[in-house]
Amino acid sequence: KITKIFGLKGEVLVFLDTDEPHKYYNLKSVFFDIEGEPIPFFIQSIKQKSNNQLIVKFDEINLENVNSFVNISLYLPLSMLPPLEGNKFYFHEINGYIIMDVNYGELGFCDHVLEFPQQAVFQIKNPKGEILIPIVDDYIKKVDKENKIIEVETPAGLIDIYLQ
């Protein structure tokens, strides 16, 4: 997301919502979400500001129009997303995955990932109703992408709230 203007050359500060920001430092283009439509924008230069922030100069943005791009969300086509390793996953790819708890067994399937400002949450469909589990690295024990299973170990009492 473009968070603010940076400097006097039409550059913008971009926040990367990712655990592996270094994989995005060499992008050549991205899509801007302009009124619900994906519009391609080409990158002139990228400089790292901090771990999850980049200073970006886009070909199409200059001092006269830069204000209109603040708070615009940026996207990549799914085919351009870098592959994730280990227990890392993109939220869009785990819909339909079975969620297994090491203590309770199969909880159901991930219907959706709910993204809240403080925390992303697995929304799990269970025969007894919905179960919500915060997506926390410490809770995720194994991600089996081949079999579409995520194994979690939740804090004591969390699952009981939903299954009683």
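These lines cover the structure that appears in this document, whether it is placed above or below.

Definitions and cut-offs
Residues numbered from 1 in each chain as written. Predicted model: local features only at pLDDT ≥ 70, side-chain atom pairs only at ≥ 80, totals over all residues. Heavy atoms only, no water. Helix = DSSP H or I, 4+ residues; strand = E, 2+ residues; numbered from the N terminus. Rg over C-alpha atoms; globule rule 2.2 N^0.38 Å. Buried < 20%, exposed > 50% of the residue type's maximum accessible area, 1.4 Å probe, protein only. Contact = heavy atoms within 4.5 Å. Areas by Shrake-Rupley, 256 points an atom, 1.4 Å probe, with all protein chains shown as cover. Lys, Arg positive; Asp, Glu negative; His and termini not counted. Charge placed at Lys NZ, Arg CZ, Asp CG, Glu CD. Salt bridge = Lys/Arg side-chain N within 4 Å of Asp/Glu carboxyl O. Pairing = 2+ DSSP bridges. Phe/Tyr/Trp six-rings, centres within 6.5 Å; stacked < 30°, edge-to-face > 60°. Polar contact = N/O pair within 3.5 Å; in protein donor to acceptor, adjacent residues only side chain to side chain.

## So, the overall build of the protein chain
A tally of helices and strands in the protein chain yields one helix and twelve strands. Its helices and strands taken in sequence order, the protein chain reads β-β-β-β-β-β-β-β-β-β-β-β-α from the N to the C terminus. Relative to the 2.2 N^0.38 estimate, which gives 15 Å for 164 residues, the radius of gyration of the protein chain is 19 Å and therefore markedly larger than a compact globule would have. Taking all 164 residues of the protein chain together, the buried fraction comes to 36%. For the protein chain, the proportion of contacts with a sequence separation of at least 24, taken over those separated by at least 6, is 50%. Summing over all exposed atoms, the protein chain offers an accessible surface of approximately 9900 Å²; the carbon and sulfur share of this is 51%. Within the protein chain, one finds 15 positive and 24 negative side-chain charges whose respective centroids are separated by 6 Å.

## Structural notes on the pattern of salt bridges
By the definition in use, this model includes four salt bridges. Across the salt bridge formed by D137 and K88, the nearest N and O atoms sit 4.0 Å from each other. With a gap of 49 residues between them, D137 in the loop between strand 10 (129–134) and strand 11 (140–144) and K88 in the loop between strand 6 (74–75) and strand 7 (98–101) connect regions that are remote in the sequence. The residue E93 makes a salt bridge to K145 at a minimum N-O spacing of 3.7 Å. On the criterion of sequence distance, the pair formed by E93 in the loop between strand 6 and strand 7 and K145 in the loop between strand 11 and strand 12 (149–152) is long-range, its members being 52 residues apart. Given a relative accessible area of 29%, K145 falls into the partly exposed group.

## Some words on the pairing of strand 10
As paired elements, strand 9 (residues 120–126) and strand 10 share six bridges and run antiparallel to each other. Each bridged residue has a counterpart across the sheet, and for I124 the counterpart in strand 10 is I131. Hairpin remark: strand 9 followed by strand 10, antiparallel, with two residues in the connecting loop.

## Details of the packing of aromatic side chains
Aromatic ring pairs are described here by two measures, namely the spacing of the ring centres and the angle between the planes. A full pass over the atoms with the stated rule returns seven aromatic pairs. Between F32 and F41 the ring centres are 3.8 Å apart and the planes differ by 10 degrees, which places this aromatic pair in the stacked class. Taken as a pair, F32 and F41 share a single burial class, namely buried. According to the relative accessible area criterion, F32 is buried, its value standing at 0%. Following the ring pairs from residue to residue traces out a cluster consisting of F32, F41, F58 and F69.

## What about the side chain of N52?
By the element assignment, N52 lies in the loop between strand 4 (37–50) and strand 5 (53–58). A polar side-chain atom of N52 sits 2.7 Å from the main-chain carbonyl oxygen of L16. Looking at N52, its side chain comes within polar contact range of the main-chain oxygen of T18, at 3.1 Å. Leaving out residues up to four positions away in the same chain, N52 has contacts with V14, F15, L16, T18 and P21.

## Thoughts on the sheet that holds strand 4
The strand order across the open sheet built from six strands is 1-2-5-4-3-6, with neighbouring strands paired in antiparallel fashion. Across the chains shown, the open sheet's two edge strands, defined by having one partner strand only, are strand 1 (2–6) and strand 6. Inspection of the sheet shows strand 3 (residues 29–34) paired to strand 6 by two bridges, in the antiparallel sense. Bridging from a neighbouring strand, F31 pairs with Y75 of strand 6.

## Thoughts on the environment of E115
Secondary-structure assignment places E115 in strand 8 (residues 105–115). In the structure, E115 is positioned 112 residues away from T3 in sequence and 18 Å away in space, judged by C-alpha atoms. Not counting residues up to four positions away in its chain, the partners in contact with E115 are D17, F91 and A120.

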